Each structure stands twice: as structure tokens, then as C-alpha cells.
Amino acid sequence: MKKRLSRKFYKRPTLKVAKELLGKYLVRQMGKKKLEGKIIETEAYIGPQDRASHAFGGKITKRNKSKYLEGGHIYIFLCYGIHWQLNITTEKVGKPECVLIRALEPPNQGAKLKRVASGPGKLCRWMKLSHSFNEEDLTKSQRIWLEDRGVKILPAQIIKTKRIGIEYAGAWKEKPWRFYVRGNPLVSRK
DNA sequence: GTACAGATTGAG
DNA sequence: TCAATCTGTACT
């Protein structure tokens, strides 16, 4: 079973989408080549009240404006001047909420664990994602989209932790808004 | 205009 | 432990 996720899937509460994205497949079509991987780690950013979000306080900049798009679009930005971070918008237009995709599990190739997408920056480098994907519509794009392949992640398999790399965010850094699949060796930060 | 820090990573 | 090096923000 392969079914592209619809607009409806994304236009729901961000935390719900972040959890349900676990087990879904991210597919990247590059000409005749196709890269794909199962999502195993996500984080939710829920502005404008979330201090860790780029949309904190409701501000809009050239960089973050795609965060305000209708659910199902891409918000991608450069971090530390080097690494791209892939986010998927949620909720309706004007709500600056999104889910950061932090790690993928690539298809088994010779039973070797491939840590090619075990972190948000590595994931984008592997799939060759950058600025040109900003504002891409995941329900229509021919080069990147998400699929439901019938993989079910049970609530008992989902681990919740604090988000990573946001020490400056005060009380917000304590929010258990990072989700990953229990026991998966390919999540970020070995 | 200058200065500084950040949703990270891999090398030392 | 540190440097890579782009963008936004808070200053002068």
C-alpha cells in the first residue's frame, strides 16, 4: 500500500501530526533516481508562543515566512551557515507551526545500518535538499512527497523527550515535543 | 555599518 | 572541544 499523504493529514494539531509522521515514508525523486526513507524521529515547533520557534512572537522574516503556509508545505532553512533543516508545515494558513524531520531509516541495503539520515542536517545533505525546496507543496510536488505504506507505530513504541539544541528557550526547552521510534538505532545523536 | 549566536556536524 | 560560515537581531 502506497498512498500520498493528503492536505487533510497536515491540517491538524501539530503534535498529532508529529507523532503520526513516524513510520511514514519520505520520498525524493531525482530524475530517474529515487531516494526514500522511513521517518523515525521528529520534533514539533508550535509558535508564536514557543520560544524555540523562529516564529516566536509572531514575527515574519524572509527566512521564516514559509512557516506560515497552509499545512503540507516545506519550510527549509540554513542552520549554523552549513546545515539545512527540513520542516513540514501543519495547521491552516497563518499558523506558524511545523514539524522538523530529524531522522530517516533508509531501505535495508545489505543489512548494513546506514546512518546517512540520522540527523536533520545529514538528512538534507543525503536527499540534496536546499533553499529551492522552500514553500514546496508536498501534496503536489513531483520531486518530494510523503507516503503512507501501512506502517503502524503503536503509542507504546513512541518515545517522547525534550527537544535538542534549544538551550536558550527557557521553559519551552522542557517541552516533550521530540518523538522517535523506540529502539531504532538510527535516530540522531548516537 | 559591526558583533554575535543559532532547531548541527565531524574531525581532533 | 572546536570550527565551519549564512541569517536575523541588537547594537553603534
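Residues numbered from 1 in each chain as written. Chains lettered and ligands numbered in written order. Predicted model: local features only at pLDDT ≥ 70, side-chain atom pairs only at ≥ 80, totals over all residues. Heavy atoms only, no water.

## Focus: the pattern of salt bridges
Item 1. Under the criterion given, the structure shown has 16 salt bridges.
Item 2. Its salt-bridge partner being D137, residue R7 comes within 2.7 Å of it at the nearest N-O pair. Of the two residues, R7 is situated in helix α1 (residues 7–10) and D137 in the loop between α3 (120–127) and β7 (144–148); the sequence distance between them amounts to 130 residues.
Item 3. Take D137: its relative accessible area is 13%, and that puts it in the buried class.
Item 4. Close ionic contact of K162 with E174 constitutes a salt bridge, the shortest N to O distance being 3.5 Å. Of the two residues, K162 sits in the loop between β8 (158–161) and β9 (178–181) while E174 sits in the loop between β8 and β9, which places them 12 residues apart along the sequence. (Salt bridge = Lys/Arg side-chain N within 4 Å of Asp/Glu carboxyl O. Helix = DSSP H or I, 4+ residues; strand = E, 2+ residues; numbered from the N terminus. Buried < 20%, exposed > 50% of the residue type's maximum accessible area, 1.4 Å probe, protein only.)

## Quick word on the packing of aromatic side chains
Item 1. Under the defined criterion, the tally for this structure stands at 3 aromatic pairs.
Item 2. Relative to W177, the ring of W172 lies with its centre 6.2 Å away and its plane at 50 degrees, an arrangement referred to as tilted.
Item 3. Directly above the aromatic system of F56 lies the positively charged group of R51, at a separation of 5.7 Å from the ring centroid.
Item 4. Just above the ring of Y45 sits the side chain of R163; from NZ or CZ to the centre is 4.7 Å. (Phe/Tyr/Trp six-rings, centres within 6.5 Å; stacked < 30°, edge-to-face > 60°. Lys NZ or Arg CZ within 6 Å of the ring centre and 35° of its normal.)

## A closer look at the environment of R163
Item 1. Looking at where R163 falls in the secondary structure, it is placed in the loop between β8 and β9.
Item 2. Distance in space between the C-alpha atoms of R163 and K65 is 22 Å, their sequence separation being 98 residues.
Item 3. Sequence-distant contacts of R163, that is, excluding residues within four places in its chain, are made with E43, A44, Y45, D50, A52, W172, K173, K175, W177 and R178.
Item 4. A distance of 3.0 Å separates the side chain of R163 from the backbone oxygen of A44, its partner in a polar contact.
Item 5. A distance of 2.7 Å separates the side chain of R163 from the side chain of D50, its partner in a polar contact. (Contact = heavy atoms within 4.5 Å. Polar contact = N/O pair within 3.5 Å; in protein donor to acceptor, adjacent residues only side chain to side chain.)

## Observations concerning the protein's contact with DNA strand C
Item 1. For DNA strand C, the full set of nearby residues is K59, T61, K62, R63, L78, Y80, G81 and I82.
Item 2. The sugar-phosphate share of atoms of DNA strand C within 4 Å of the protein amounts to 67%.
Item 3. Here a phosphate oxygen of DNA strand C and a side-chain polar atom of K59 are 3.3 Å apart.
Item 4. Separating a phosphate oxygen of DNA strand C from a backbone N or O atom of R63 is a distance of 2.8 Å.
Item 5. By residue class, the composition of the surface near DNA strand C is 3 nonpolar, 2 polar and 3 charged. (Near = heavy atom within 4 Å. Nonpolar A, V, L, I, M, F, W, Y, C, P; charged D, E, K, R; others polar.)

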